[in-house]
Amino acid sequence: MIIKPPAQLKSRFWVCLGSVMFCLSAPVFAQATSAAAQSGRWAQVSKTTNADFTSSAERGKAFFLKANTVNKDFPNCAACHTANPAAQGKHAVTGKAIAPLAPSANAERFTDAGKTDKWFKRNCNDVLGRECTAPEKADFITYLIGVK
Amino acid sequence: MSFFTKSSKLAALATTLLILATSTHADGGNKTDKYGPVATMPASVKSECASCHMVYPAGLLVAKDWQRILSKLDKHYGTDASVSQQELALIAPYFVNNASTWPERHVSTTDLPRLTTTPWFVRKHNELPNKVFTHAAIKSAANCAACHTQAEKGGFSERQIVVPGYESRKW
């Protein structure tokens, strides 16, 4: 007869301590910002290669909806976020609910630059097979700000 | 030492161990902690893993398999789930420390480990027809919460199972 050893207590202590320490340190990692500030940041970067660049909500919307062929599970942003970014989304593979992407429907969106950068990297790689460019990011956020 | 003394000693030892194991369990939570502690889950595990899928119970794969998954998060079952080294350092200990210590049950031999391919998982789900897992509301065997209604809280009791398409059936 094999009985699972009660070895988890020690590790539980460390996990507990770890999570407490993380919660305490979280404010240090968080880079508070806003959708407008992040859109502005990417527009600034875009100007370094194209002095005439101005963000366009229209281009951002087209980018959001454009069907790509890189990944059949995630052809576009709308595959998970739905065609209406103010609505609740649904992960195209797992079915897990995703909170709305538009700041008008979800005030938390784009308020943490680290989080925004992380998801741009992941999702652009999934949908386009590459990272998104600065103009794409500026347009994308500009479009989302305008969605009511 | 007579056979009876030997066996009663063994029985006493086994009972003691059983009580110890049970009391540890009662101490550490309840039935909902059976396959991996939910109460002590770090915030980083919740935010990083649970954005896309439920956090799979740590105790359903061995540590080596969790390490294989965590070392390839940029190619995570068809998506880029990469995290920073800083985040990884906060996530990895939870899975490794709470991993299964039963290789005969919880080792996965697939290229990227899948707990749905482990001997234990296959045995536990062998009475289900394959089409259950492709039901529109279930999608795949990895979608625990589709049938285990309390899965995200760590509850996998048979009484909590409702299988889409087989709602009236008891398990």
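Residues numbered from 1 in each chain as written. Chains lettered and ligands numbered in written order. Predicted model: local features only at pLDDT ≥ 70, side-chain atom pairs only at ≥ 80, totals over all residues. Heavy atoms only, no water.

*Asks:* What is the right way to look at the overall build of chain B in this model?
*Replies:* Check the secondary structure of chain B and you find six helices and zero strands. When the elements of chain B are put in sequence order from the N terminus, they spell out α-α-α-α-α-α. Taken across its 171 residues, chain B has 40% of its residues classed as buried. Total accessible area computed for chain B in this model is approximately 9,800 Å², and 61% of it derives from carbon and sulfur atoms. (Helix = DSSP H or I, 4+ residues; strand = E, 2+ residues; numbered from the N terminus. Buried < 20%, exposed > 50% of the residue type's maximum accessible area, 1.4 Å probe, protein only. Areas by Shrake-Rupley, 256 points an atom, 1.4 Å probe, with all protein chains shown as cover.)

*Asks:* Can you help me understand the environment of A:Ala97 in this one?
*Replies:* Residue and element names in this part refer to chain A. Mapped onto the fold, Ala97 is located in strand S2 (residues 97–98). Residue Ala97 is classed as partly exposed on the basis of its relative accessible area, which comes to 45%. Residues Ala97 and Cys80, 17 residues apart in the sequence, show an inter-C-alpha distance of 9.0 Å. In this structure, Ala97 is in contact with Gln88 and Gly89, ignoring residues within four places of it in sequence. (Contact = heavy atoms within 4.5 Å.)

*Asks:* I keep staring at the confidence of the model for chain A and nothing clicks. Help me out?
*Replies:* Parts of the model with low pLDDT should not have their predicted coordinates read in detail. On average, residues of chain A carry a pLDDT of 88, and 79% of them reach 70 or more. Confidence drops under pLDDT 50 across residues 23–29 of chain A; counting only partners more than four residues distant or on other chains, this segment forms two contacts. (pLDDT = per-residue confidence, 0-100.)

*Asks:* It is not clear to me how the packing of aromatic side chains should be interpreted in this structure. Could you clarify?
*Replies:* Note on aromatic pairs: each is described by the distance of the centres and the angle between the planes. Applying the stated criterion across every chain, the model contains eight aromatic pairs over all chains. Judged by centre distance (5.2 Å) and plane angle (85°), the ring pair of B:Tyr94 and B:Phe95 falls under edge-to-face. Every member of this aromatic cluster is reached through a ring pair, and the members are A:Phe63, A:Phe64, A:Phe120, A:Phe140 and A:Tyr143. Looking at A:Arg122, its charged tip hangs above the ring of A:Trp119, at a distance of 4.4 Å from the centre. The residue whose ring lies beneath A:Lys137 is A:Trp42, and the NZ or CZ to ring-centre distance is 4.1 Å. (Phe/Tyr/Trp six-rings, centres within 6.5 Å; stacked < 30°, edge-to-face > 60°. Lys NZ or Arg CZ within 6 Å of the ring centre and 35° of its normal.)

*Asks:* I tried to follow the pattern of salt bridges on my own but got confused; where do I start?
*Replies:* Close approach of charged atoms lets side chains of opposite charge pair. A complete count under the given rule lists 12 salt bridges over all chains for this structure. Residue A:Lys96 is joined to B:Glu152 by a salt bridge in which the shortest nitrogen-to-oxygen separation is 3.5 Å. Highlighted residues: A:Lys96 in the loop between strand S1 (89–90) and S2 and B:Glu152 in the segment after helix H6 (119–124), drawn from two different chains. Judged by relative accessible area, which is 19%, A:Lys96 ranks as buried. It is possible to trace a salt-bridge network through shared partners that takes in A:Lys118, A:Arg122, B:Glu48 and B:Glu87. (Salt bridge = Lys/Arg side-chain N within 4 Å of Asp/Glu carboxyl O.)

*Asks:* Help me understand the packing of helix H2 (residues 35–47) of chain A against helix H6 (residues 134–146) of chain A in this model?
*Replies:* The relative placement of two packed helices is expressed as an angle between their axes plus a distance between the axes. Residues and elements named next belong to chain A. Put simply, H2 and H6 touch, their axes get as near as 8 Å, and they point 150° apart. It follows that H2 is roughly antiparallel to H6 by the angle criterion. For H2 against H6, the interelement crossing comes out left-handed. Counting all contacts with H2, which are made through Ala35, Ala36, Gln38, Ser39, Trp42, Ala43, Val45 and Ser46, the residues of H6 involved are Ala134, Pro135, Lys137, Ala138, Ile141, Thr142 and Ile145. A breakdown of the residues in the contact of H2 with H6 according to their chemical character gives 10 nonpolar, four polar and one charged. (Axes fitted to C-alpha atoms, helices over the stretch in contact; angles between N-to-C directions. Parallel < 35°, antiparallel > 145°, perpendicular 65-115°, else oblique. Left-handed = near helix turned anticlockwise from the far one by under 90°. Nonpolar A, V, L, I, M, F, W, Y, C, P; charged D, E, K, R; others polar.)

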